[in-house]
Amino acid sequence: MSQAEEAPETGLRLERPGEGGTPVAVGSGAPEERRTVDLPETLPVLPLKNTVLFPYLLSPLLVNSARSKKVIEHVLVTPQRLMLAVAVNKELEGSPGQGDVHRVGTVVRVAKMVKFPDDSYRLLVQGVSRARIAEFVEDKPFLRARVELLRERGDKGSVETTALSRNVQQQFAALVAQSPKLSDELQVVSANLDDPGKLADLVAWNLELDVAGKQAVLEELDVPARLRRVLVDLARQGEALRIETEIREKVQSEMGKTQRDYMLRQQLEAIRRELGEAEDSDAEVQRLRERIEAAGMPEDALKQATRELERMAQTPAASAEYGVIRTYLEWLADLPWSKQSEDRLDAGEARRILDEDHYDLEKVKDRIVEYIAVLSLKRDLKGPILCFAGPPGTGKTSLGRSIAKALGREFVRISLGGVRDEAEIRGHRRTYVGALPGRILQALRRAGTRNPVFLLDEIDKVGQDFRGDPSSALLEVLDPEQNSSFSDHYVEVPFDLSQVLFIATANLMDPVPPALRDRMEVIELPGYTEEDKLEIARRYLLPRQRAANGVEGVGFDLDDDALRGLVRSYTREAGVRNLEREIGRVARKVARRVAEEGLAGPVLVRGDQLPELLGPVRFEPELAERAGRPGVAVGLAWTPAGGDILFVESTRMPGKGGLKLTGSLGDVMRESAEAARSWLRTHGAELGIDPEAFGQADVHVHVPAGAVPKDGPSAGVAMVTSLASLLTGRPAPPDVAMTGEITLRGKVLPVGGIKEKVLAAKRAGIRRVVLPEPNRKDVEEIPGALLEGLALEYVGTIDDALAHTLAPRA
Ligand SMILES: Nc1ncnc2c1ncn2[C@@H]1O[C@H](COP(=O)(O)OP(=O)(O)OP(=O)(O)O)[C@@H](O)[C@H]1O
Ligand SMILES: [Mg+2]
């Protein structure tokens, strides 16, 4: 405990009334309780170096700096034994001065003090109340300040608070049950605590938060907000604990499995030998020698293999070592050192094959055809490393397969999702029991040639943990300068990957480390419009599902209405995966009727039959139904699934000017709403809004769906439109969507994810999109065809924006 002056001792004790001879706690909560604290005007200040204390809780403290000991000695002779404990706000060596401590701390009462032989003081302190330093009155011999008690805010009895408290109790109980570090009695204590503010404090104190995190909880006076904050921290810690356990279990079970397999294989080998079924070792060495000679290895690999062959010949066949060497040599012999497939260098034919499998995706197809054309002129061309980025179901994986077909190459795919260990890419050293090559060389053996199309699927999902960083191994794989001598820990001799055509896929490029991103040519597949989807369904999905479900013979088909119905009301996605699934479901229903009722074809499914086949509509055409009323604005959100529209709804009720925000909004989004209201308060008159209106009503802004957490500043324009629409009674036209951050001075700032947002708007049937002026350059990157039928309005100020987003004055 070198750094820490006043550190909590290990373990937590909870105050139970009457225990430890302490006066019963003065609560942190209700004002009437508070009056019982007869606070002296000024209090000594005890700086805390790595903890935060909370009201109501009884906490152990260790004090060993001379200056802090003076505080304690002084406090012990005062009648109430009160002091203000505040956390220091930075790391520092010496004793903290006025500027080094947070302003908000906890008034605590020293309940017990024991002097230890090493001259340190061990205390038990009882939290009394949250308090704020109004001003410092003394510096020496210790800090002393004038202190104001802080009151909690927020309705403790409200439905929201109750729901939040219950949620906190449940999550905390779950965490306590899982965590070996938290005592089980905490479950009982938290379940019986009916003061929501105290509950939040108790949980925060027991979570592994850093000082800043605990301080934030301490400073949050609004009880529902404090509960919400604690919920987030709880979720985070629960997740961390879950991952920790998972990793531990996975490592254990993997080690267990490879070792078990290894033992079994050894036993099997011994049995075969016993039965006289195994080759004798001389013949085995000879056979391997022939395979190795035929493998066409480069010189250093051949040298290594010969050395190992000799070692194998010297090793008794019954020993474990013999098996290890044999497995190794088999791997060496099986790798495609020089086996290569002949490329099909016919650009026209390649184009035909690509078109046969996929609709549109011109950019990718052009790039591949171009590559083939150059390859036919310059045979030793290094392949480009393409990376397809886009939402799920947009054809990234299946394109990879189709490219292999077009080039006439083998195709292999590895999924990088959840790979956390460098050894999964690069293999384990041979000294490790049950070691094998990494996934790259395993896949190449599967391919059987050294020039396959190699799909690195989900490169954005590569993880990283204590077992090393897989992305550094990937860097080597994807670097044309290095990959001609890729080193696998198991194989030991370098392998040439330069003839492989690597293609990566990702849903998002953000999580991909920049060094890796730089190596690749990123091609975006941003998702399909409704028309695209219909085309894909007709040409590709329907024929495939017809064949898969045996309804070709009955002339199974869907009319345009039915397909459109599937796209609009039974799926909501950027890609076509769910659409294909739904077509499959319809096909199966039809197949069943054909079988059961002897239905004779042709079967044409009409749009109005969908509910009967698939059940009620799953996605309402929300737009028509919800937008267009005063107070409702259509915003645009970026999501990993490729963008979506989002509604901002405001309503008004009698009140005193309050602003209520619901729908799981993050802090930044809440601030946007506040900014929107403040701007309208100052500029509303120009729009004809009565300034009095703000004082006489509470406004409630809701962003459905409430269960999905939303954050970010980009809903600013939608917030201000929604409020302005409510207060002026002018509806926002239902076919207008908007995005943009706003400032209090009325400017509209640029936002991210423009392409996804614009496409989502189009999918949802929006006709006009209002965008921040600085985002014009992002729009220029979207192919013109995708923007057909959409009018884009660029705005620089809130005034401009409202001119577009609100219906004209009556
Ligand atoms: N342009 C297209 N033309 C024809 N079929 C398509 C097209 N785009 C996607 N598909 C089909 O949609 C299905 C889903 O595609 P795929 O599995 O390749 O998606 P993905 O982009 O790899 O998704 P994820 O990111 O979830 O892995 C496949 O059956 C694919 O053939
Ligand atoms: Mg995929």
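Residues numbered from 1 in each chain as written. Chains lettered and ligands numbered in written order. Predicted model: local features only at pLDDT ≥ 70, side-chain atom pairs only at ≥ 80, totals over all residues. Heavy atoms only, no water.

**A word on the overall build of the chain**
The helix and strand inventory of the chain stands at 29 helices and 23 strands. Once the C-alpha set of the chain is aligned to its principal axes, its extents read approximately 95 × 85 × 55 Å. Put simply, the chain has 810 residues, and 49% of those count as buried. Considering only contacts within the chain whose residues lie at least 6 apart along the sequence, 74% involve residues at least 24 apart. In the structure as shown, the chain presents an accessible area of about 37,700 Å², 50% of it carried by carbon and sulfur atoms. (Helix = DSSP H or I, 4+ residues; strand = E, 2+ residues; numbered from the N terminus. Buried < 20%, exposed > 50% of the residue type's maximum accessible area, 1.4 Å probe, protein only. Contact = heavy atoms within 4.5 Å. Areas by Shrake-Rupley, 256 points an atom, 1.4 Å probe, with all protein chains shown as cover.)

**Some points on the pattern of salt bridges**
Should their charged atoms come close, side chains of opposite charge can pair. In this structure the tally under the stated criterion is 56 salt bridges. With its nearest N and O atoms 3.4 Å apart, the salt bridge here joins Asp-557 to Arg-546. Remark: Arg-546 occurs in helix H18 (residues 530-548) and Asp-557 occurs in strand S13 (residues 557-558); sequence separation between them is eleven residues. With its nearest N and O atoms 3.0 Å apart, the salt bridge here joins Arg-592 to Glu-596. (Salt bridge = Lys/Arg side-chain N within 4 Å of Asp/Glu carboxyl O.)

**Notes on helix H5 (residues 196-206)**
With respect to burial, H5 is a largely interior element, eleven of its eleven residues being buried. Capping the start of H5, Asp-195 holds a side-chain oxygen 2.8 Å from the backbone nitrogen of Gly-197, two or three residues further along. (Polar contact = N/O pair within 3.5 Å; in protein donor to acceptor, adjacent residues only side chain to side chain.)

**Overview of a negative patch on the surface**
Among the surface-exposed residues, Asp-667, Glu-671, Glu-674 and Asp-711 lie close enough to one another that they form a single negatively charged patch. Structurally, Asp-711 can be placed in the loop between strand S18 (697-702) and helix H25 (716-728). (Patch = residues over 30% accessible without salt bridge, like charges linked within 9 Å, V, L, I, M, F, W, Y side chains within 5 Å. Lys, Arg positive; Asp, Glu negative; His and termini not counted. Charge placed at Lys NZ, Arg CZ, Asp CG, Glu CD.)

**Side note on the site of ligand 1**
Close to ligand 1 lie 19 residues, the nearest being Gly-393, Lys-396, Thr-397, Ser-398 and Arg-577. Lys-396 is positioned with one of its side-chain polar atoms (N or O) 2.6 Å from an oxygen atom of ligand 1. Look at ligand 1: alone it shows 640 Å² of surface, and the protein chains cover 88% of it. For the shell around ligand 1, the secondary-structure elements that each account for two or more residues are helix H13 (396-407), H18 and helix H20 (577-597). Its residues placed into classes, the shell around ligand 1 shows seven nonpolar, seven polar and five charged. (Near = heavy atom within 4 Å. Nonpolar A, V, L, I, M, F, W, Y, C, P; charged D, E, K, R; others polar.)

**Thoughts on the packing of helix H8 (residues 281-294) against helix H9 (residues 299-314)**
Taken N-terminus to C-terminus, the directions of H8 and H9 make an angle of 175°; their axes are 10 Å apart at the nearest point. Between H8 and H9, the interaxial angle falls into the category roughly antiparallel. Contacts between H8 and H9 involve Glu-284, Val-285, Leu-288, Arg-289 and Ile-292 from the former and Leu-302, Ala-305, Leu-309, Met-312 and Ala-313 from the latter. Classifying every residue of the contact of H8 with H9 gives eight nonpolar, no polar and two charged. (Axes fitted to C-alpha atoms, helices over the stretch in contact; angles between N-to-C directions. Parallel < 35°, antiparallel > 145°, perpendicular 65-115°, else oblique.)

**A few points about the side chain of Asn-206**
Note that Asn-206 resides in helix H5. We classify Asn-206 as buried; its relative accessible area is 10%.

**Here we look at the confidence of the model for the chain**
Summary statistics for the chain give a mean pLDDT of 85 and a share of 92% for residues scoring 70 or more. The weakest mean pLDDT in the chain belongs to helix H1 (residues 31-34) at 39; the strongest belongs to strand S21 (residues 748-749) at 96. Under a pLDDT of 50 for its full length, residues 1-35 has, in the predicted model, 92 contacts with residues more than four places off or in other chains. (pLDDT = per-residue confidence, 0-100.)

**What about the sheet that holds strand S8 (residues 386-389)?**
Strand order in the open sheet made by the five strands is S9-S10-S11-S8-S12, with parallel pairing throughout. Each edge of the sheet is formed by a strand with only one pairing partner; in this case those strands are strand S9 (411-415) and strand S12 (521-524). Mean inter-strand twist for the sheet, computed between neighbouring axes without regard to direction, equals 20°. Bridge count between S9 and strand S10 (residues 453-457): five bridges; the pairing is parallel. Bridge assignment links Ser-415 to a residue of S10, and that residue is Asp-457. Strands S8, S9, S10 and strand S11 (501-506) of the sheet are contacted by H13, whose axis makes an angle of about 175° with S10. (Pairing = 2+ DSSP bridges.)

**Brief notes about the packing of aromatic side chains**
Two aromatic rings are characterised by how far apart their centres lie and by the angle between their planes. By the definition in use, this model includes three aromatic pairs. An angle of 70° between the planes, with centres 5.6 Å apart, marks the rings of Tyr-328 and Tyr-490 as edge-to-face. Of the two residues, Tyr-328 is situated in helix H10 (residues 320-334) and Tyr-490 in the loop between helix H16 (470-478) and S11; the sequence distance between them amounts to 162 residues. Neither residue differs from the other here; Tyr-328 and Tyr-490 are each classed as buried. Ring geometry for Phe-454 against Phe-502: centres 5.2 Å apart, planes inclined by 45°, an arrangement best described as tilted. (Phe/Tyr/Trp six-rings, centres within 6.5 Å; stacked < 30°, edge-to-face > 60°.)

**As for the pairing of strand S5 (residues 104-115)**
Pairing of strand S4 (residues 82-87) with S5 involves four bridges; the strand directions are antiparallel. In the strand pairing of S5, Ala-85 is matched with Thr-106. Bridge count for S5 against strand S6 (residues 121-138) is eleven bridges, and the pairing is antiparallel. Within S6, the position partnered with Gly-105 by the bridge is Ala-131. Hairpin connection, S5 to S6: the antiparallel pair is bridged by five residues, and Asp-119 has positive phi, about 80°.

**Some points on the nonpolar core**
Grouped burial of nonpolar side chains is what soluble globular proteins tend to show. With 53 residues, the main nonpolar core has Trp-337, Phe-454 and Ile-459 as its most contacted residues. Here the element with the most residues in this core is H10; it accounts for seven residues. Residues in contact with Phe-454, not counting those within four places in the same chain, are Val-412, Ile-414, Ile-440, Ala-443, Leu-444, Val-500, Leu-501, Phe-502 and Ile-503. If you look at the next biggest cluster of nonpolar residues, it comprises 52 residues, including Ile-372, Leu-386, Leu-558 and Leu-579. (Core = buried A, V, L, I, M, F, W, Y, C linked by side-chain atoms within 4.5 Å.)

**What to know about the environment of Gly-383**
With respect to the element layout, Gly-383 can be found in the loop between helix H12 (362-377) and S8. Looking at Gly-383, the relative accessible area reads 23%, which means it is partly exposed. Distance from Gly-383 to Asp-210, taken between C-alpha atoms, is 48 Å for residues 173 residues apart in sequence. In this structure Gly-383 touches Tyr-371 and Leu-501, once residues within four positions along its chain are discounted.

**Quick word on unusual backbone geometry**
Glycine aside, a negative phi is what most residues show, and trans is what most peptide bonds show. For the peptide bond that leads from Lys-140 to Pro-141, omega is 0°, which places it in the cis range. For Pro-141, the location among the structural elements is in the loop between S6 and strand S7 (144-149). Of note, the phi angle at Tyr-56 is positive, near 80°, even though the residue is not glycine. Mapped onto the secondary structure, Tyr-56 falls in the loop between strand S2 (42-48) and strand S3 (58-63).

**Considering the packing of helix H23 (residues 667-683) against H25**
Contact geometry of H23 with H25 gives a least axis separation of 9 Å together with a crossing angle of 45°. It follows that H23 is oblique to H25 by the angle criterion. When the axes of H23 and H25 are compared, the crossing they make is right-handed. On H25, the residues that touch Met-669, Ser-672, Ala-673, Ala-676, Arg-677, Trp-679 and Leu-680 of H23 are Gly-716, Met-719, Val-720, Leu-723, Ala-724 and Leu-727. (Left-handed = near helix turned anticlockwise from the far one by under 90°.)

**Points about the sheet that holds S18**
Sheet architecture is open: seven strands sit in the order S17-S18-S16-S15-S19-S22-S23, paired in mixed fashion. The open sheet has two edge strands with one neighbour each: strand S17 (659-662) and strand S23 (791-795). Between one strand axis and the next, the sheet turns by 30° as a mean value, whatever way the strands run. This element, H25, spans strand S15 (632-637), strand S16 (644-654), S18 and strand S19 (736-738) of the sheet and lies at about 40° to S16.

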